[in-house]
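Examination of the molecular architecture
Here are the chains, one letter per residue:
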Amino acid sequence: MTKRFLAAAAFVLLSSTVTVSATDIGATDIGATFETACPFGDCAAGISLSYLGEFVIPTGHMENGVEFGGISGLDFDAAAGHYLAISDDRSERGSARFYELDVDVDASGLKGVSVVKQVTLKDKNGEPFTARTVDPESIRRGKDGIYWGSEGDGKALLPPFVRVAAPDGSFIREFKLPEGFAPTADKSTGIRDNLAFEDLAIAPSGDVFVGVEAALYQDGPNPSLTSGSLSRIIRYDGATGEPKDEYVYPVSPIPQAADKADGGNDNGMSEMLALDNHRLLAVERSYAQGFGNSIKIMMMDLTDATDVSTIASLAKNDQRVVPVRKSQVLDLRVIGLVPDNIEAMSLGKAKDGTDVLILGSDNNFSTSQKTQFYAFKVLNRPQQ
C-alpha cells in the first residue's frame, strides 16, 4: 500500500514487442488495439487487447457513511454479473470490507463504475476486524466462497494470510502459511513490511497462487535501479489450503529514477491473474518521486519453473533455480495513459458479452490520487 502520486506523462513510442493497429494513439483513443503475438516465442500464448476507456471515482466519495477507496483487488463474479473489489483500509476509516461493483462497459467503451453493495469482512470470531489487525490486498471468487488475502504487518510482526469468506464476509477457512514467510523481529527471514501478499489468482484447476510484492528478507534485496528482486509465488491446493509448490518471479529493476537523489522510488508485483493452469498475467507497479507511476502488464509461464519450496534462502542457495518465464505484454505509459497506483486486475464479461480486462487503482485515500479503472476488450488470449 505504498503511497504514490499522480504525474503527467509524455507519449513514448511502443516497443517492438507490441503491434499497434491505430495511428496517433492517445489516452482517449477508444478502439486502439495492442497485440503481443508470441510472448516467450510461444505463439499459442498470444494476447491482443483493445482499449475501452477510463473511469475515475474521486477521492472522498462516500458509501454508506464510509469513504470509498483503497481498491487493491478486483474479480468478476459471473453468477452476479458484478465485480468484487476489496479495500485495503486496515479497519481505520471503516471496518475492513469488500464491495460489489457494477461496471458499465461494452464493446463501445467504459461508461461507469458504481457500488452495488458493501460487505464487512469478519475475523475468526465472527466480529469485524479491529483497527490495524488486517491489511486486505486481494480478492477472488472461488468455488466455495470469496478468497481474499491480507498483507500482514512486518513492523507489528503480523503474518500475512489467505482466507475464504462467505458472501456475507464471515470466516470459513484459512490457508496454511509456509515456513519462511512470517515476519521476524530481527528481519532475518520473512516478509518485508508493506511488500508481502499483494497478489492472488485462481487457476481453472482450482489451484491458488499467492505472490509477494518483492523478495523475502532471506531471498535478497528489494529492486533497485540496477537490479531486480526475487519474489516468491506460492501454489496452493485450493480445496485443502495446503501449499504445494513455490516459484521464483524475477521482479524487474526500478525503471525510472526519482527527480532528486534522495527521492523515493520502487517496483514490485502488485497483482496476478490466471489465464490458464500455467500462464498468468502480473502487474509490475513502480513509482518514482517527481515522475509518478509506471505500470507494466507481464505474462508469466510456470512451465519448467523450479519448485523452490525446500530452498530456505534464495540468496544462500547453490542449487540450480529456473524462475518463471515472463514477457511484457503492455506498458500503460507507452500507450499514452497516465496510470495511478494500479493494484487490481480482473477478466470479466461486459453487458453485451464482450470479454474484458479491467484494471483498478488504490488511491491510498489520498487527495493527490484517484480511484481509477481502465477497461480493455480481450480480442485474443492464450490457448492451451
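Okay, so let's go over this structure. Worth saying up front: this structure is predicted, and the values here are computed from it rather than measured. (Residues numbered from 1 in each chain as written. Predicted model: local features only at pLDDT ≥ 70, side-chain atom pairs only at ≥ 80, totals over all residues. Heavy atoms only, no water.)

**Topic: the overall build of the protein chain**
Looking only at helices and strands, one finds 0 helices and 24 strands in the protein chain. Taken over C-alpha atoms, the radius of gyration comes to 19 Å for the protein chain, in line with the 21 Å a tight globule of 384 residues would show. Each principal axis of the C-alpha distribution contributes one length, and for the protein chain these read about 55 × 50 × 45 Å. Going through the 384 residues of the protein chain one by one, you find that 57% of them count as buried. Relative to all contacts within the protein chain whose residues are 6 or more apart in sequence, the contacts with residues 24 or more apart total 60%. Accessible area of the protein chain: about 14700 Å², with a carbon and sulfur share of 50%. Each charge class in the protein chain can be summarised by its mean position, and for the 36 positive and 53 negative side chains these summaries are 1 Å apart. (Helix = DSSP H or I, 4+ residues; strand = E, 2+ residues; numbered from the N terminus. Rg over C-alpha atoms; globule rule 2.2 N^0.38 Å. Buried < 20%, exposed > 50% of the residue type's maximum accessible area, 1.4 Å probe, protein only. Contact = heavy atoms within 4.5 Å. Areas by Shrake-Rupley, 256 points an atom, 1.4 Å probe, with all protein chains shown as cover. Lys, Arg positive; Asp, Glu negative; His and termini not counted. Charge placed at Lys NZ, Arg CZ, Asp CG, Glu CD.)

**What to know about the state of the cysteines**
For the structure shown, the criterion picks out 1 disulfide. The residue that forms a disulfide with Cys38 is Cys43, at a sulfur-sulfur distance of 2.0 Å. The sign of the 90° torsion about the S-S bond sets the Cys38-Cys43 disulfide as right-handed. Judged by its relative accessible area of 53%, Cys43 is exposed. (Disulfide = S-S within 2.5 Å.)

**Things to note about the environment of Thr59**
In this structure, Thr59 sits in the loop between strand E3 (47-58) and strand E4 (62-63). For the pair Thr59 and Glu242, spaced 183 residues apart in sequence, the C-alpha separation works out to 39 Å. Those residues in contact with Thr59 that lie beyond four places of it in its chain are Glu67, Asn363, Phe365, Ser366, Thr367, Gln369 and Lys370. Of the polar contacts made by the side chain of Thr59, one reaches the backbone oxygen of Ser366; its length is 2.9 Å. (Polar contact = N/O pair within 3.5 Å; in protein donor to acceptor, adjacent residues only side chain to side chain.)

**Regarding the sheet that holds strand E19 (residues 279-288)**
Pairing within the open sheet is antiparallel, and its 4 strands lie in the order E18-E19-E20-E21. In this open sheet, the two strands that pair with only one neighbour each are strand E18 (265-274) and strand E21 (325-331). Adjacent strand axes in the sheet meet at a mean angle of 30°, parallel and antiparallel pairs treated alike. When E19 meets strand E20 (residues 292-301), the two strands line up antiparallel, connected through 10 bridges. (Pairing = 2+ DSSP bridges. Axes fitted to C-alpha atoms, helices over the stretch in contact; angles between N-to-C directions.)

**Here we look at the environment of Leu281**
Structurally, Leu281 is set in strand E19. In this structure, the C-alpha to C-alpha distance between Leu281 and Asp301, residues 20 residues apart in sequence, is 9.0 Å. Those residues in contact with Leu281 that lie beyond four places of it in its chain are Ile47, Glu271, Met272, Leu273, Leu275, Ile297, Met298, Met299, Val329, Met345 and Leu357.

**What to know about the sheet that holds strand E11 (residues 145-150)**
Sheets are built from strands paired through backbone hydrogen bonds, the pairs being either parallel or antiparallel. With respect to topology, 4 strands assemble into an open sheet ordered E10-E11-E12-E13, the strand pairing being antiparallel. Looking at which strands have only one partner, the edges of the open sheet turn out to be strand E10 (136-142) and strand E13 (171-174). Averaged over all adjacent pairs, the angle separating strand axes in this sheet is 25°, with direction ignored.

**Some words on the packing of aromatic side chains**
One pass over the full model with this rule turns up 9 aromatic pairs. Their ring planes at 80° and their centres at 5.8 Å tell us that Phe129 and Trp148 sit as a pair that is edge-to-face. Of this pair, Phe129 sits in the loop between strand E9 (109-120) and E10 while Trp148 sits in strand E11; the two residues are 19 residues apart in sequence, bridging distant segments of the chain. When its relative accessible area of 8% is taken as the criterion, Phe129 is described as buried. With a centroid separation of 5.2 Å and an interplanar angle of 85°, the aromatic rings of Trp148 and Phe161 are classed as edge-to-face. A residue pair is termed long-range when its members are at least 10 positions apart, and Trp148 in strand E11 and Phe161 in strand E12 (residues 161-165) qualify at 13 residues. (Phe/Tyr/Trp six-rings, centres within 6.5 Å; stacked < 30°, edge-to-face > 60°.)

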